[in-house]
Structures are given as C-alpha cells and as structure tokens.
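Overview (structure and organization)
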Amino acid sequence: MKGREIAKLVEEHPDQTKVEQLTAAGPKPVGLDEEVPIVSCDEFKVIRCNINAGFQAERLERELSELRVRGANVSVVGTPVAAVIYHDVPVRAGLPAGSTDVLVKVPAGYPGGIIDNAFLPEGSPLLSCTPGGEQQVESFGGRAWKQKSIHPYTGNGIPWNKDRHGFHTYYTELVNWLNAGK
Amino acid sequence: MSATRAVRLRASRSGWVALEKLLFHRHPRREWGTYFRFGYRRTPWGLAVSLVDLLPARPGELARSSPIVSFAPEYISRALDERDGTRLGIGFIHSHPSGWGVTPSPSDDDMDEYFARLSRPYGAGQPYLSLIANRDAAGGLVLSGRAFDGDEWLPVSHLHLSGTTLERHRSPLWLGEAASVKHRATGVLARWAALAGEGAAIRSGGATVGFVGCSGTGSPAIETFARAQVENFVLVDDQRFALSNLERVHGSVRRDAEEDPLPYKVELMARMIREINPAARITKLVGNGLDDEVLDELLRCDLVLGCTDTLHGRALLGDLASLYLVPAIDVGVRPQGKNGQVTSQLIEITRYGDGDACPFCQGRISAAGLNAELMHPEERERCIAAAAAAIKRGEDGTAYWQGGPPQLPAVGYLTTTAGAMAAGYGLNWLLGTAGLPHQRMQFDLGKPEFGFVGLEEGRLPECGCARWLAHGDQGERSVTMPAHFPRAVRLP
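Please read all numbers here as calculations on a predicted model, not as lab measurements.

Procedures and definitions
- Residues numbered from 1 in each chain as written.
- Chains lettered and ligands numbered in written order.
- Predicted model: local features only at pLDDT ≥ 70, side-chain atom pairs only at ≥ 80, totals over all residues.
- Helix = DSSP H or I, 4+ residues; strand = E, 2+ residues; numbered from the N terminus.
- Rg over C-alpha atoms; globule rule 2.2 N^0.38 Å.
- Buried ≥ 20, exposed ≤ 12 C-beta atoms within 10 Å, placed from the backbone.
- Contact = placed C-beta atoms within 7 Å.
- Core = buried A, V, L, I, M, F, W, Y, C linked by C-beta atoms within 7 Å.
- Pairing = 2+ DSSP bridges.
- Axes fitted to C-alpha atoms, helices over the stretch in contact; angles between N-to-C directions.
- Nonpolar A, V, L, I, M, F, W, Y, C, P; charged D, E, K, R; others polar.
- Parallel < 35°, antiparallel > 145°, perpendicular 65-115°, else oblique.
- pLDDT = per-residue confidence, 0-100.

Digging into the overall build of chain A
In terms of helices and strands, chain A carries three helices and nine strands. Counting from the amino terminus, chain A carries its helices and strands in the arrangement α-β-β-β-α-β-β-β-β-β-β-α. In summary, chain A has a C-alpha radius of gyration of 23 Å against a globular reference of 16 Å for 182 residues, an excess of more than 25%. For chain A, the residues scored as buried account for 31% of the 182 residues in total. A sequence separation of at least 24 residues applies to 52% of the contacts in chain A between residues at least 6 apart.

Next comes the structure, spelled out in structure tokens:
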C-alpha cells in the first residue's frame, strides 16, 4: 500500500497527514507516495498536519488566572464545545440557594465572538427566580445545564470590546445577574 | 543546519533604524551588539519571527575597551532572567567590522553554541536567535543569522522591513531558492523599467504575495501582480466558481460554469497566473484565512491583499500586520441601488503597515456583525428565533440577533477598478516606487470629485494591536478560527 492509501483509511484528506510505520527500531516515516509491503499486524501512525484550535487557550487562561488571583473558583470543560464553569458564584440572600455553579460557553472565534448567555444546573431552584428566559438543556462535563437568556454585551448592554471584556469581566455580570433575582 | 526550513525575520523600518544606530555606532572597525525580544510562530517551513524590542547593554555589560563583543556575565544573566519571565524569544544581534562579512567566526560559533545550550534550562522552550549585521561597500545592510529551536539550527533566509517601502534582504549565506525570472522579466517589464528604472522593476521577481479572497476584487489584483512578473503566490479562497461570478472574476470563462464539480476559485486563479507567467510558484489553499495552515503560508508573504467582504477577513489583516508585521492592503466595495438607479459606487482601500491603525482602532469592525459571522449555524438559528419571539412579545430583539452580513451586489466594473487600484498601490509599495497617499481612502465613482475622503489613523494605545505588537503567537489574536469552519485543504 502507498502511504496515502494508509492515511485514507483513517483521514478524509490524506494529503494533510504524516504517516509513520511503528517498528521495533522506532517510528519510520512513510512518504505519501511510498509503497510499503504490508505484513499482518503491521502498525502505522497517521497524524493530521493541520490541526486548528477553536480559540486561544492562552487568552482564556490569562482571563481565568485574573479571576483565580481574586479568589474565584473557575474551571474549563473541553467538550462538546469549550466552556467555562464558575463555581460557587454568590447569590443574593433570600433566594433559594446561597451560591451556584454557572457555565458559560466560549463563543466561536473568541475573542471575535461575543460572550453571551449563561447556564445553570438543570433543576436549580434559581432557574425560575433569576432574570432571563429559560432555554435549551445541554450536557457538559457529565452534567445537564439549562441556558438562561442574559445578554450583558449585546442589545442594550455594554458594547463588547475584545480589549476590555472577557471571561474575567463576565464574572461581575454573572454576580449582578444573580443578585437581581427575585 | 536545516536544509529545508528557515527563519523569516520581520521588523518595522522605524524599529530597525534604531537598532542599526546602536549596532553600527562603533563601525567600521569595532563591533557592538544587543539582546532583543522577538515574537515567533513555528510553521512547517520554519520560524516566522518578528522583532519586538531591544534589551540594550547597560554600562559595563559589554566591554567598551574590546573591539569585539565581550559580555559581562551580568548581561547574560539579565537576558536569562528576561527569558524566564516572558513567552517571547530572546536573541542576540551583533555587527561585524566592515569588510568582514557576516559569516560566523569561531567565537560566534562558540557564543551561539553556549547560548543554545543555555536556552534549554531557562525559559519555556522558546527558540534562540542569533543575527550578524554588516554593511556592504555601498553602505547597504547585509544580514545573516541562525535560530536554535528544538535541537535544530535553522538558517535565517530573509529580513523583511515594513515602512514607507517594503524591503526584503536575503541572507548571503542562505542557499535556498533565488529569484529566477529576472532575465525573462526584463522584456515583459520594459514599461515598468521605463517608468521606475530596471532596478525597481525586477524587485517583483523574488516577492511572495498573498491574496485572501480570489473573486471580484481579488482576481484583477492577482492578474495585475502576475503581469508584473511576481513569482510567488499564496491564493486563499474557500469557494467554488458559480455562474454569477463570470461577470466579475478575471481569468474565468463560460465553460468553467459547466464543469462538474465546479472548479475552486483558487484553481482558476492558478490557471490565469500560469498562462501569464509559467514560472510562477503558486500555493492554492481552499479554506478560510483564519485557518492555521493558511496563516502559516501568509507569513511567507512580502505583502497580503485582503479581498474579502467579511469582517473576520478584515480582522485577520489587522492581526497579520500587528502581531506578525506582515503588511497588508484591504480593498472593498459597497455598491447600492434604489428604484432602478445605482446610488453608490463606493471603493475603500486601506493600508495596514508600520504604525497604521488596525481595523478595530478604526472602528471598522462591528462586534455584533463579527459575532454573527463566527457563530455556529445552529446557534445563529436559535438567536434568530429568540429575536423573533422577543419582538412578538413586544420586546427588543437586538439582544438576541442584530442581523447577519449583507450580500453586497458587487458588479464587475467596480470590483475590477477597486482590485486593480489596490494592486497598483501594492506593487508600488513592494517595488519602493510610490506610497499610498493615505492610510485609508474612500471614494465614490458616481460622486463629484469622487467624494474622496482620506484618513490617517494611528494605533489606539489601549487596543490589542498596540499591546501585542510583533508578539507573533505569543500575543493575542483579535479573532480565531471557529471550530465549525471547515479546515483548509491545500490543492496540488
């Protein structure tokens, strides 16, 4: 088989791959046009050469670090799309929970995309007493979350500014939102 | 030393002037040097490096009494501390005495071997870059260099300086491909030679020009550059040709619209270029400019022309110019019609070069519009439905959706005029024969005196383009590739 044919077995675009034959002496590169005799149980590694990141991890990490320095507890989930979970966000006294986890999706093309909306854990008593309409349920990190319609940086909110706003400033918006609950 | 991969170094002309003043202040007989910080991006072809700033020696850190560069340990220690505290790379540049070329001496080899060895325990795996500068007999700059990255030495192939002209200096020690069409081009470029002199005319030969968008404005620009005997093209477009494109896409013919599948626009452009200049080297990428593979190729370019009508395409040009110091020209049209009459024939041409404001500084990027372009289609449908429901409830729907990008009725005479003008400005910038009269120009072909408006805008200090200037991948982009955008495919 040619290297390209081997790559085609696992990748849609074999021209964008690098193929290696795994041998006892270590990995041996196989050219895409190189013919390799196949013996039973031969092993190959096909690596995609054109991996794209959906957002800049460094920027997100910088923003979350700013929050952590200020004592906030935040984490990131990578699937099905990247999202930030703000843990134990304080809630106004008098509401049915003292604090809550809030999940916010990393928008496509971030920071070109605008951070918008927020998810509360499905079944949270805060869903019915915080501003914003209840929307779809999605699963992140093995938990079900329900989206609430809040829009700090669109519509009548503060216009999104990629140099000023981010997940670090969104925390304040979430605290304000949770404090506006009735 | 790697035989296949190399380093392209970029600097602003103004920054380089300051560096040369320091480097050559003891010339012609004595050397001097300085550490510097650089941004970088690792690509399949090598390292794209951009000069951020200098870390000049403090008194006593380099020995003034020595005719060569003699380090005090304090200077090395300070550079290592700096390397530990930044994601940027730290390099060293020094001058050689006049007449001694730029080939590393045995002590240069010793210094580089030592600094490369030191680069392992300090920092976060950044490359180490060493440069040697000199002047030739005519006083012109000569530069060589090498970078140590991941246990491999890479030669410096080119230095690109971006200012009122675009300079490309090739290292005399680099053995890679040289411009090859000079002898063929001189006949073709007889008019250019008459206009600007043969020396200027043949500068197009070794240049690489990138085109993001190969349709209405891109195709006439590509044709103009091909006829000017530019040798290397990077063509980027994610679309296939359609019948309605025949009205404005140069190089297309009727039978292209009858093929099944329809050809990609980059294929049509490659065919047109080859018919004009069979020696041209063409990279064809079907994909979005935000794609990492596309970015890698654009970083090889002397100049990039942005010929798309998207906000994220425009943002990309700003990032190329600010983060990676790749100069760019953006061209766009805005035709409008009403009641059977053409009411606007607007053309806009913008330069993104040394010190120029980015599209965000200029207020040319609507955050909501950009967000709409980048959104996943399912998310977009959800937002549109939520906006409709809000309006039905008597509420403001703009919090959910403010409208998507408009489809502009771009027509051939307007796109050809705009593309050809942008190409003319680009060529003159590249050849050093003329500059753009303004950083940003708007004019309307249907208005008296073309309704001309010229603007000069500097970078806003609070904008990311100023904060992350020349930081390469160590800075922050204004827009990134959404995960749902199809990844780029390189055509053979």
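Examining the overall build of chain B
A tally of helices and strands in chain B yields 14 helices and 17 strands. Computed over C-alpha atoms, the radius of gyration of chain B comes to 24 Å, within 12% of the 23 Å expected from 2.2 N^0.38 for 492 residues, which places it in the range of a compact globule. In terms of its C-alpha atoms, chain B occupies a principal-axis envelope of roughly 80 × 60 × 45 Å. Looking at chain B as a whole, 50% of its 492 residues qualify as buried. By sequence separation, contacts in chain B at least 24 residues apart represent 70% of the contacts at least 6 residues apart.

Points about the nonpolar core
All names here are of chain B. Ranked by internal contacts, the top residues of the largest apolar core, which has 154 residues, are Phe 211, Leu 235, Val 304, Leu 305, Val 326 and Ala 422. For this core, the element with the most residues is helix H13 (residues 412-431), which contributes ten residues. Beyond its immediate stretch of four places on either side in the chain, Phe 211 contacts Gly 218, Ala 221, Ile 222, Leu 235, Val 236, Leu 305 and Cys 307. Counting five residues, the second-largest nonpolar core is a separate cluster that includes Cys 383, Ala 387, Ala 399 and Tyr 400.

Looking at the sheet that holds strand E10 (residues 232-236) of chain B
Residues and elements named next belong to chain B. With mixed pairing, the nine strands of this open sheet are ordered in space as E16-E15-E14-E13-E12-E9-E10-E11-E17. Among the strands making up the open sheet, the edge pair consists of strand E16 (453-455) and strand E17 (489-491). Put simply, the sheet's adjacent strands are angled 15° from each other on average, direction ignored. Pairing analysis gives eleven bridges linking strand E13 (residues 328-338) to strand E14 (residues 341-352), with the strands arranged antiparallel. By the bridge assignment for E14, Val 333 is matched with Ile 347.

With respect to the interface of chain B and chain A
Taken together, the 32 residues of chain B in the interface contact 29 residues of chain A. Residue assignment for the side of chain B that touches chain A shows that the elements contributing at least two residues are helix H9 (292-298), helix H10 (311-323), helix H11 (367-374) and E17 of chain B. Grouping the constituent residues of the side of chain B that touches chain A by class yields 15 nonpolar, eight polar and nine charged.

Some thoughts on unusual backbone geometry
Among all residues except glycine, the phi angle is most often negative; among peptide bonds, the trans geometry is most common. Tyr 110 of chain A connects to Pro 111 of chain A through a cis peptide bond whose omega is 10°. For the bond from Asp 260 of chain B to Pro 261 of chain B, the omega torsion is 0°, close enough to zero to count as cis. Its place among the elements puts Pro 261 of chain B in the loop between E10 and helix H8 (265-276). Unlike most non-glycine residues, Glu 449 of chain B shows phi in positive territory, near 50°. Along the chain, the position of Glu 449 of chain B falls in the loop between strand E15 (440-444) and E16. Classification of Glu 449 of chain B as exposed rests on a count of 7 C-beta atoms within 10 Å.

Looking at the environment of Val 142 of chain B
Residues and elements named next belong to chain B. With respect to the helices and strands, the residue Val 142 is situated in strand E6 (residues 141-149). Taking the C-alpha atoms as reference points, Val 142 and Gly 101, 41 residues apart in sequence, are found 7.9 Å from one another. Those residues in contact with Val 142 that sit more than four places away from it in its chain are Val 102, Asn 134, Arg 135, Asp 136 and Pro 172.

With respect to helix H7 (residues 218-227) of chain B
Residues and elements named next belong to chain B. H7 sits mainly inside the fold: eight of its ten residues count as buried. All of the buried residues along H7 are Gly 218, Ser 219, Pro 220, Ala 221, Ile 222, Glu 223, Phe 225 and Ala 226. Where the residues of H7 are buried, they touch strand E9 (208-212), H8, strand E12 (303-306) and H13. Among the residues trailing H7, Gln 229 stands out with phi positive, at a value near 65°.

Things to note about the pairing of strand E5 (residues 128-135) of chain B
Residues and elements named next belong to chain B. Within E5, seven of the eight residues are buried, which leaves it mostly tucked inside the rest of the structure. Bridge count between strand E4 (residues 89-95) and E5: six bridges; the pairing is parallel. Bridging across to E5, Phe 92 finds its partner in Ser 130. As paired elements, E5 and E6 share eight bridges and run antiparallel to each other. By the bridge assignment for E6, Tyr 128 is matched with Phe 148. Adjacent in sequence and paired antiparallel, E5 and E6 are bridged by five residues, among which Gly 139 carries a positive phi angle near 90°.

A few points about the pairing of strand E4 (residues 73-77) of chain A
In this sheet, strand E5 (residues 83-90) of chain A lies alongside E4 of chain A in antiparallel orientation, the contact comprising five bridges. The residue bridging Asn 73 of chain A from the neighbouring strand is His 87 of chain A, located in E5 of chain A.

Looking at the packing of helix H2 (residues 57-69) of chain A against helix H3 (residues 167-179) of chain A
The geometry of a pair of packed helices is captured by two quantities: the angle between their axes and the separation between those axes. Residue and element names in this part refer to chain A. At a minimum axis separation of 7 Å, H2 and H3 run at an interaxial angle of 50°. When the interaxial angle is binned, H2 and H3 end up oblique. Residues Leu 60, Glu 63, Leu 64, Glu 66 and Leu 67 of H2 form the contact with H3, whose participating residues are Phe 167, His 168 and Tyr 171. Residue composition of the contact of H2 with H3, by class: five nonpolar, one polar and two charged.

Quick notes on the confidence of the model for chain B
Residue and element names in this part refer to chain B. Within chain B, residue pLDDT values average 90, and 97% of them lie at 70 or more. The least confident element of chain B is helix H4 (residues 182-188), whose mean pLDDT is 65; the most confident is E12, at 98. Among the scores for the predicted complex, ipTM is 0.72 and pTM is 0.84.

As for the environment of Asp 42 of chain A
Its place among the elements puts Asp 42 of chain A in the loop between strand E2 (26-30) and strand E3 (43-48). Put simply, Asp 42 of chain A and Ile 158 of chain A are 116 residues apart on the chain and 59 Å apart in space, counted from C-alpha to C-alpha.

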